[in-house]
Each structure stands twice: as C-alpha cells, then as structure tokens.
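# Remarks on the overall topology
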Amino acid sequence: MSQTADPQTEGPLYDVAVVGAGAVGLATALALARDGVRTALVGRHAPVADGRTVALLDGSVRLLRALGAWEALEPQAAPLAEMHLIDDTGSLFRPPPARFVAREIGLDAFGWNVESARLVETLRARARAVPELVPVEHDSTGCTVAADRAVLALEGGGHVAARLVVAADGGASPLREAAGLAARRWTYPQKALTTILAHARDHREVSTEFHTREGPFTLVPLPGGRRSSLVWVSAEARAERLAALDDAALAAAIERQAQSMLGAMRIDGPRGLVPMRGLSVPRPVGPRLALVGEAAHVFPPIGAQGLNLGLRDAAALRDAVAEGARDPGSEAVLAGFARGRALDARLRTGAVDTLNRSLLTAFLPSDLARGAGLLALSTIAPLRRLVMREGVTPRLGTPTLMRG
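Below, the structure is looked at part by part. (Residues numbered from 1 in each chain as written. Predicted model: local features only at pLDDT ≥ 70, side-chain atom pairs only at ≥ 80, totals over all residues. Heavy atoms only, no water.)

## Points about the overall build of the protein
Quick reminder of the rule: Here a helix means four or more residues in a row that DSSP labels H or I, a strand means two or more in a row labelled E, and each is numbered from the N terminus. Residue contacts are defined here by distance: any two heavy atoms, one from each residue, within 4.5 Å place the two residues in contact.
For the protein, the helix and strand inventory stands at 11 helices and 21 strands. Sequence separation of at least 24 residues holds for 73% of the intrachain contacts in the protein that already meet a minimum separation of 6.

## Quick word on the packing of helix α1 (residues 23–33) against helix α8 (residues 306–323)
Condition: Fitted lines through C-alpha atoms give the axes, limited to the stretch in contact for helices. The angle between two N-to-C directions lies from 0 to 180 degrees. Note on angle classes: values under 35 degrees are labelled roughly parallel, values over 145 roughly antiparallel, values of 65 to 115 roughly perpendicular, and the remainder oblique. Working rule for handedness: look at the near helix, and if it is turned counterclockwise from the far one by less than a right angle, call the crossing left-handed; if clockwise, right-handed. Charged means Asp, Glu, Lys or Arg here, nonpolar means Ala, Val, Leu, Ile, Met, Phe, Trp, Tyr, Cys or Pro, and polar covers whatever is left, Gly included.
Two elements in contact, α1 and α8, have axes separated by 9 Å at closest approach and are oriented at 25°. By the angle between their directions, the pair α1 and α8 is classed as roughly parallel. Handedness of the crossing formed by α1 with α8: right-handed. Across from A23, V24, A27, T28, A31 and L32 in α1, the residues of α8 making contact are L307, G310, L311, A314, L317, R318 and V321. A breakdown of the residues in the contact of α1 with α8 according to their chemical character gives 10 nonpolar, 2 polar and 1 charged.

## Observations concerning the side chain of E209
Filter applied, for reference: Only protein chains enter the calculation, and the probe is 1.4 Å; a residue is then buried if its accessible area is under 20% of its type maximum, exposed if over 50%, and partly exposed in between. For the purposes of these results, a polar contact is taken to be a pair of N or O atoms within 3.5 Å, where, inside protein, one atom must be able to donate a hydrogen and its partner to accept one; residues adjacent in sequence count only when each atom of the pair is a side-chain atom.
Within the secondary structure, E209 is located in strand β14 (residues 206–212). Given a relative accessible area of 11%, E209 falls into the buried group. At 2.7 Å, the side chain of E209 forms a polar contact with the side chain of H211.

## Section: the environment of A345
Here A345 lies in helix α9 (residues 331–359). Classification of A345 as buried rests on a relative accessible area of 16%. With residues near it in sequence (within four places) discarded, A345 still touches H297 and L309.

## Examining the packing of aromatic side chains
To be explicit about the condition: Any two of the Phe, Tyr and Trp rings considered here, Trp counted by its six-membered ring, make a pair once their centres fall within 6.5 Å; the pair's planes then place it as stacked at under 30 degrees, edge-to-face at over 60, or tilted in between.
Per the stated rule, a full pass over the model turns up 3 aromatic pairs. Ring geometry for F210 against F217: centres 5.8 Å apart, planes inclined by 65°, an arrangement best described as edge-to-face. F217 carries the same exposure label as F210, and that label is buried. The interplanar angle of 85° and the centroid separation of 5.1 Å between the aromatic rings of F217 and W232 together place this pair among those described as edge-to-face. You can see F217 sitting in strand β15 (residues 215–222) and its partner W232 sitting in strand β16 (residues 227–235), a full 15 residues away along the chain. A connected cluster of aromatic rings, assembled from ring pairs, spans F210, F217 and W232.

## Considering the pattern of salt bridges
Here is the rule: The salt bridge criterion pairs a side-chain nitrogen of Lys or Arg with a carboxyl oxygen of Asp or Glu, the two atoms within 4 Å.
Counted according to the given criterion, the structure contains 24 salt bridges. A salt bridge links R318 to D35; the nearest nitrogen and oxygen atoms lie 2.7 Å apart. With R318 in helix α8 and D35 in the loop between α1 and β3 (39–42), the pair connects residues that are 283 residues apart, well separated along the chain. Given a relative accessible area of 14%, R318 falls into the buried group. By sharing partners, the salt bridges in this structure join E115, R118, R227, R266 and D268 into a single network.

## Comments concerning α9
What counts here: By this rule the span expected of a helix is its residue count minus one, scaled by 1.5 Å. Note that bend, as reported per residue, equals the angle between axes fitted to the 7 residues terminating at that residue and the 7 residues originating from it.
Counted at 1.5 Å a residue, the expected span for α9 with its 29 residues is 42 Å, and the 42 Å between its end C-alpha atoms agrees. For α9, the principal kink sits at R341 and spans about 30°.

## Quick look at the nonpolar core
Operational definition: Side-chain atoms within 4.5 Å link the members of a nonpolar core, which is a set of buried Ala, Val, Leu, Ile, Met, Phe, Trp, Tyr and Cys residues.
By size, the foremost hydrophobic cluster in this structure holds 49 residues, and its most contacted members are L56 and L119. Of the residues forming this core, the biggest block, 9 residues, is contributed by α1. Setting aside residues up to four positions removed in sequence, L56 forms contacts with V61, L64, W70, L73, F110, G111, W112, V114, L119, L307, N308 and L311. With 23 residues, the next largest nonpolar core counts A40, V134, L152 and V165 among its residues.

## Overview of the environment of D35
When its relative accessible area of 36% is taken as the criterion, D35 is described as partly exposed. Between the C-alpha atom of D35 and that of V321, which follows or precedes it by 286 residues, the distance is 9.9 Å.

## Concerning the sheet that holds strand β4 (residues 53–57)
The condition that has to hold: What makes two strands pair is DSSP finding at least two bridges between them.
If you walk across this open sheet you meet the 3 strands as β4-β8-β5, and the pairing is antiparallel. On the outer flanks of this sheet lie β4 and β5 (78–79), each paired with one strand and no other. Here β5 pairs with strand β8 (residues 111–115) via 2 bridges, running antiparallel. By the bridge assignment for β8, P79 is matched with W112. Sheet strands touched by helix α4 (residues 116–128): β4 and β8. Its angle to β8, the strand with the most contacts, is close to 90°.

## A short note on unusual backbone geometry
Here Q259, not a glycine, exhibits a phi torsion of approximately 55°, which is positive. Here Q259 is to be found in the loop between α7 (247–257) and β17 (265–267). Of note in the backbone geometry, S260 takes a positive phi value of approximately 60° without being a glycine. By the secondary structure assignment, S260 is in the loop between α7 and β17.

## Thoughts on the pairing of β8
Looking at chain direction, β4 and β8 are connected through 5 bridges and run antiparallel. Looking at the pairing, L56 lines up with W112 of β8.

## Things to note about the pairing of strand β13 (residues 184–199)
Within β13, 12 of the 16 residues are buried, which leaves it mostly tucked inside the rest of the structure. As defined by bridge partners, β13 adjoins β16 across 9 bridges and the pair is classed as antiparallel. Residue pairing for β16: K191 is matched across the bridge by S234.

Quick look at the structure:
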C-alpha cells in the first residue's frame, strides 16, 4: 500500500498505526507489515523483568514462525509435551489426576514456554529488520478522528496519521477510554506470585497444575530440564506474605506446595505479584480504531490463554485488513474483525472465570461438577482430544497465519 501526503501532520499517512510496543503490539505490527502494509509502531519499549513466562500454544508458534521470529526464539523455549491437572482442594469428590499428552492429537508439544522478556526482545529485533514497519518511540497522548484517517498526538510534540489505529496499549488503554468504548471490569480476591525456579529433578517436559482452594498452582517447564516457571494463585493476604519471604523460605514453601514432585527448589529469577482481575469489551472497535490484547480482554494467568488470545487478535486483524486492503480503517473491515473475535474472546474469558471461581467455593455441587469434568476428560478419549485441540487452537475462525 502506498502512502500519501498528510497536510495535517506534514508527514506520511500510514495504512496502520499500532500503539503499544509489547508482545501483542509487536506481533500485530509485524503481521501487517509482512504483507506490505505501511505500519507505524508507536510507543516506548518498556522493560519486561518480573519473572513471568508465557506458554505459546501451537497456533501462536505458527504465527511467530510466519513472522520470522520463531527461529531465534526456539532455542530459548521449552516444549510442553504433557499437561497434568491435580485436584488439591481437599474436596470430598476428588478425581484422579488428569493427564493430557500432545502426541494424542498429533503434536510434538501443546506449545512452548519462554520468558516474556525474551519473547519481546526477539519480536523487537525482528521489527527492526522489516522495511515496511516504522518505529515511533514516543508515547501517544491523544487521538483525533476524521472521515478518512485518525491522527495520534505524540508526547513531546509531533503527530502520526493512519487509516487505522490499533490499540495494543494494555488493560488501562487510554485509546479505549478516549473512544468511549464500554468495558466490563471485575476483580478476584487473589494475587498471582510469579518467578523462575531451579529444581533437583527433571521436569520431563510436563506442565503440572495443582487446583487448590485458593486458586491454581502451576509449574511450567523451561529449557534445560531442571528449570521451571511458577504461577501461584492464592488469596491476596497469603500471596503478599509469600512475596515477602526471603528466597530460601519461599523455595521451601513452593516445594511443599508442589508435594516435592521436582525435589528441592531454588529461586532462579525475578519475582512478580500480579493482581487478579478481569475486563471484557463487548465490541472491540470504534471509528478507525481496533482493540487487541489486554485493551480488549483481561483475565487471570490461568490455562495459558491470555497472550495466546491476544496473538489471535493480531493474526485476525491482519486477515481483516488484507480483505479490505483499500481502506484498513473502514467500517466494513472493523465490523468483520469485531464479529470474528467476539465468540473466541467470550469463550476463553468465560472458561477461565468459571474455573477460577469454582476453586474458590467449597459448595459441594460445584466440586462435584468440576471433579466430574476432570474424570470425564481422563476416561473419555474423544472428549479429551476435542478439548485439547480447542485449547491449543480453536477450529472455528482460526486466522490464516495460525493454520496448520
């Protein structure tokens, strides 16, 4: 797509301006620019160093491969060949552990676990090598919309004009708020402690999730066999007490909670303490504006769904823009994107919310339902395979760059 002169900014008129230089913003900009869409990436590069990792599911890995980023990232990622779910709630109806094996659905791994900082740095390096992607390392301070374009004001002066603005600017999204797009918000009485662990026994490429009465406690493999990432969701007061422990005491607490399955633990990375909250936007578009990632949906770090959903937003927007190439910010393009994302976001948000809330109650019917569900997944192979496939990549509406 060609650029035209923009008298309001005395600079180029981009096809798309992506606001937000995190993983989803970078992936969105790269997905568009690879097709020759003249794209500006607006925003400063903030550091990522809170001990968090992301499990990139198979569809997300396909996207990263299409973007030219996976080859550099793969040596720093660990495959998730199996997933084990263990009920540790103390419920009267306690099902046996559920075991999910990627090879049962024809995959070597459900996905790959990588440190968030490495993912972002790899995407940044790739972005610097793509001619159609222009970095604008200033934060946006506002946006005005005209009939044929949107104009972003930049911190310190200057403007960027584009046919379409993409808000990848996080859960607080100034662009979403300024556009007046309705958002539903909620909170949970929990926080998630995150860190990196070294341990005495090999994880064998198995991700293990203990379901406790305060939330999931999850260990996810990292490269090398004897390192894993931790997401420990617990009541706010307990999470804060755990975060205040010194490394030795915290490692001992983690080993006890993990039932010593990986042996002695050692803290081997920075820590994070993440509030548990949710946000959903019924219609993630406005005039010449599309929301992706946490600007459109936020939910707890459970089940490796958050970032993967955001990356599907990125790939789906690329498809919508490709279909409406003459004007990527037209109402038709935005309406198509919104329709395509509504069901996926609603289902993932609902599933994570239901699971998390079911753990917080000792209500016997809720325990029975959750336990019966895990038992069914363990014993009914066709159902298990269906759930595994849908968890990795939804069959309906899978974006082009995520297809097998």
